[in-house]
Amino acid sequence: MSGLVVHSARKLDADGRSDDFWLVADGAHITTTGTGTGWRTHAGAADVTVIDGQGRWLTPGFIDLHCHGGGGHPYDDGVEEMRAALATHRAHGTTRSLVSHVANPLASLRESLGIVAELTATDPLVLGSHLEGPFLAPERRGAHDARFLRDPEPEAVEELLGAARGTLRTATIAPELPNALEAIGVLIEAGVVVGVGHTTADYAQTARAFEVGARLLTHAFNAMPGIHHRAPGPVMAAIENPEVTLELILDGLHVHPSVAALLFREAPGRVALVTDAMAAAGATDGDYRLGGLNVTVHDGLAVLSGTDTIAGSTLTQDAALRNAVTLAGVDPVAAVTALTRTPARVLGEDHRLGRLHAGYLADAVLLDHDWRVRTVVADGAVLAG
Ligand SMILES: [Zn+2]
């Protein structure tokens, strides 16, 4: 098995910061870590790749729970486009991804879920699917095509679960829809983490969804009622429940940096930074498609063409980290945690992903002092840099 040594880096992960850090990987896993010069005894063999961190930041690989495409490629246009989009996000430090599906007819959702099931079986960096549509509130549909929204009838839920063949990891639901609480139960039973989102639900309805087992708030503040002093809404219900994780799109556009900072303060260790990126992430301004809808991107802001409805972001996870630290003033350890251990925990993968620690998968990102990606490692192999 080939080996990897990364040394002389400034480690940042959920366990904290550590200077002059090194790690050794054998195959896909980290076998040893330390500080100082102990790495030298592991660096001699011919098949060992040695990376000098030169005092740069070293974080675990980023995990993105919510993404629709990148590099000019949408996830919902076949496997080659999906691969190309994943490659863009990997170059920006995302080593493990969920593929998000927007609302579409059941037949095309079945097909997309099937493609991701195959990809998940062959590419360990793909963790499975996130079903964002179709069980969403029409009034809060955002960039989901109204024609394809539906109530979560049991047959539809079973049909989509079947098509995913065990690779549906998360699903977003508006809990006020008919049958929604039953559907949440069925999804949880099948091992799916349920998120509340694209919803008109109030505080009590959202709290009820969390009581029956929903564990995630899909892009907090976006496509849901905000916090009002007499109507606290879904975000307050999520903040108050210590078992719930809040997704946050930190591009400086979806949520004001000051409100982003508030979430980090009020729900420490429970904010998961997501991109919710569409095809234009890591690509240029212009015209794109998201599901069946036209999207125009100008100065990095994606809107449904001819409207001011935001249609996904153009974020990559390295930019989300940069924004967390520089725009929202979040402590770097908390910011990195929101991209690594927290999303790993949401998926029940925190025993093998999200920390730079012996026994964990060797996913790591080396970043400059201004949080630009230099090198990306996944499963112990250099992906980019
Ligand atoms: Zn959304």
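Cut-offs and rules
- Residues numbered from 1 in each chain as written.
- Predicted model: local features only at pLDDT ≥ 70, side-chain atom pairs only at ≥ 80, totals over all residues.
- Heavy atoms only, no water.
- UniProt positions renumbered as here; feature names shortened; annotations may be inferred.
- Helix = DSSP H or I, 4+ residues; strand = E, 2+ residues; numbered from the N terminus.
- Pairing = 2+ DSSP bridges.
- Contact = heavy atoms within 4.5 Å.
- Axes fitted to C-alpha atoms, helices over the stretch in contact; angles between N-to-C directions.
- Parallel < 35°, antiparallel > 145°, perpendicular 65-115°, else oblique.
- Left-handed = near helix turned anticlockwise from the far one by under 90°.
- Buried < 20%, exposed > 50% of the residue type's maximum accessible area, 1.4 Å probe, protein only.
- Arc of directions from axis to C-beta.
- Salt bridge = Lys/Arg side-chain N within 4 Å of Asp/Glu carboxyl O.
- Polar contact = N/O pair within 3.5 Å; in protein donor to acceptor, adjacent residues only side chain to side chain.

As named in an unreviewed UniProt entry, the protein is N-acetylglucosamine-6-phosphate deacetylase, taken from Leifsonia virtsii. The UniProt entry for the protein carries the following text under Sequence similarities (unreviewed entry): "Belongs to the metallo-dependent hydrolases superfamily. NagA family."

(A) Representation of the UniProt feature "domain: Amidohydrolase-related" (unreviewed entry) in the protein within the structure. Here the UniProt feature "domain: Amidohydrolase-related" (unreviewed entry) sits at residues 58-380. Annotated as 32% helix and 22% strand, the span residues 58-380 places its first and last C-alpha atoms 14 Å apart.

(B) Region of interest: the pairing of strand E20 (residues 373-378). Pairing between strand E19 (residues 364-367) and E20: four bridges, direction antiparallel. Across the sheet, the residue bridging to Leu 367 is Val 373, located in E20. Between E19 and E20, which pair antiparallel and follow one another directly, the connecting turn spans five residues, one of which, Trp 371, has a positive phi of 65°. Bridge analysis of E20 against strand E21 (residues 381-384) gives three bridges, and the strand direction is antiparallel. Among the inter-strand pairings, Ala 378 is bridged to a residue of E21, identified as Ala 381. Hairpin connection of E20 to E21: two residues between the antiparallel strands, including Asp 379 at a positive phi of 50°.

(C) Representation of the sheet that holds strand E15 (residues 271-274) in the model. One open sheet holds the eight strands; their spatial order is E6-E9-E10-E11-E12-E13-E14-E15, and the pairing between them is parallel. At either end of the open sheet lies a strand with only one pairing partner, and these are strand E6 (62-64) and E15. As paired elements, strand E13 (residues 216-217) and strand E14 (residues 245-249) share two bridges and run parallel to each other. Within E14, the residue paired with Leu 216 across the bridge is Thr 245. Those strands touched by helix H4 (residues 180-189) are strand E11 (168-173) and strand E12 (193-196), and its axis lies near 170° from that of E11.

(D) A look at the sheet that holds strand E17 (residues 293-298). With antiparallel pairing, the three strands of this open sheet are ordered in space as E16-E17-E18. The two strands at the open ends of the sheet, each matched to only one other strand, are strand E16 (286-290) and strand E18 (301-304). Here the strands of the sheet are splayed against their neighbours by 35° on average, with no regard to which way each runs. Of the strand pairs in this sheet, E16 and E17 are connected by five bridges, and their pairing is antiparallel. Bridge pairing links Gly 286 to Val 297 in E17.

(E) Quick look at the packing of helix H1 (residues 79-91) against helix H2 (residues 106-122). Contact geometry of H1 with H2 gives a least axis separation of 11 Å together with a crossing angle of 55°. In terms of orientation, H1 lies oblique with respect to H2. Seen along the crossing, H1 lies across H2 with a hand that is right-handed. From H1, Val 79, Met 82, Arg 83 and Leu 86 reach across to H2, where they touch Ile 115, Val 116 and Leu 119.

(F) Examining helix H7 (residues 257-266) more closely. Those residues of H7 lying buried are Pro 257, Ala 260, Ala 261, Leu 263 and Phe 264. Summarising the axial view, the buried residues of H7 lie within an arc of 155°, below the 170-degree limit, and thus occupy one face.

(G) Looking closely at the pattern of salt bridges. Applying the stated rule across the entire model yields 18 salt bridges. Among the salt bridges present, the one from Asp 368 reaches Arg 374, with a minimum N-O distance of 3.2 Å.

(H) Expanded view of the side chain of His 66. As for its placement among the helices and strands, His 66 is situated in the loop between E6 and strand E7 (69-70). The buried category is assigned to His 66, whose relative accessible area is 0%. Among the polar contacts listed, one links the side chain of His 66 to the side chain of His 68, at a separation of 3.3 Å. Aside from chain neighbours lying at most four places away, what touches His 66 is Ser 100, His 130, Glu 132, Thr 218, His 219, Glu 247, Val 274, Thr 275, Asp 276 and Ala 277.

(I) The arrangement of the environment of Met 224 in detail. Its place among the elements puts Met 224 in the loop between E13 and helix H6 (233-240). The exposure class assigned to Met 224 is buried, which follows from its relative accessible area of 3%. Along the sequence, Met 224 and Ser 313 sit 89 residues apart, while their C-alpha atoms lie 17 Å from each other. Residues within four places of Met 224 in sequence aside, it is in contact with Arg 140, Val 196, Gly 197, Thr 199, Leu 217, Thr 218, His 219, Pro 234 and Val 235.

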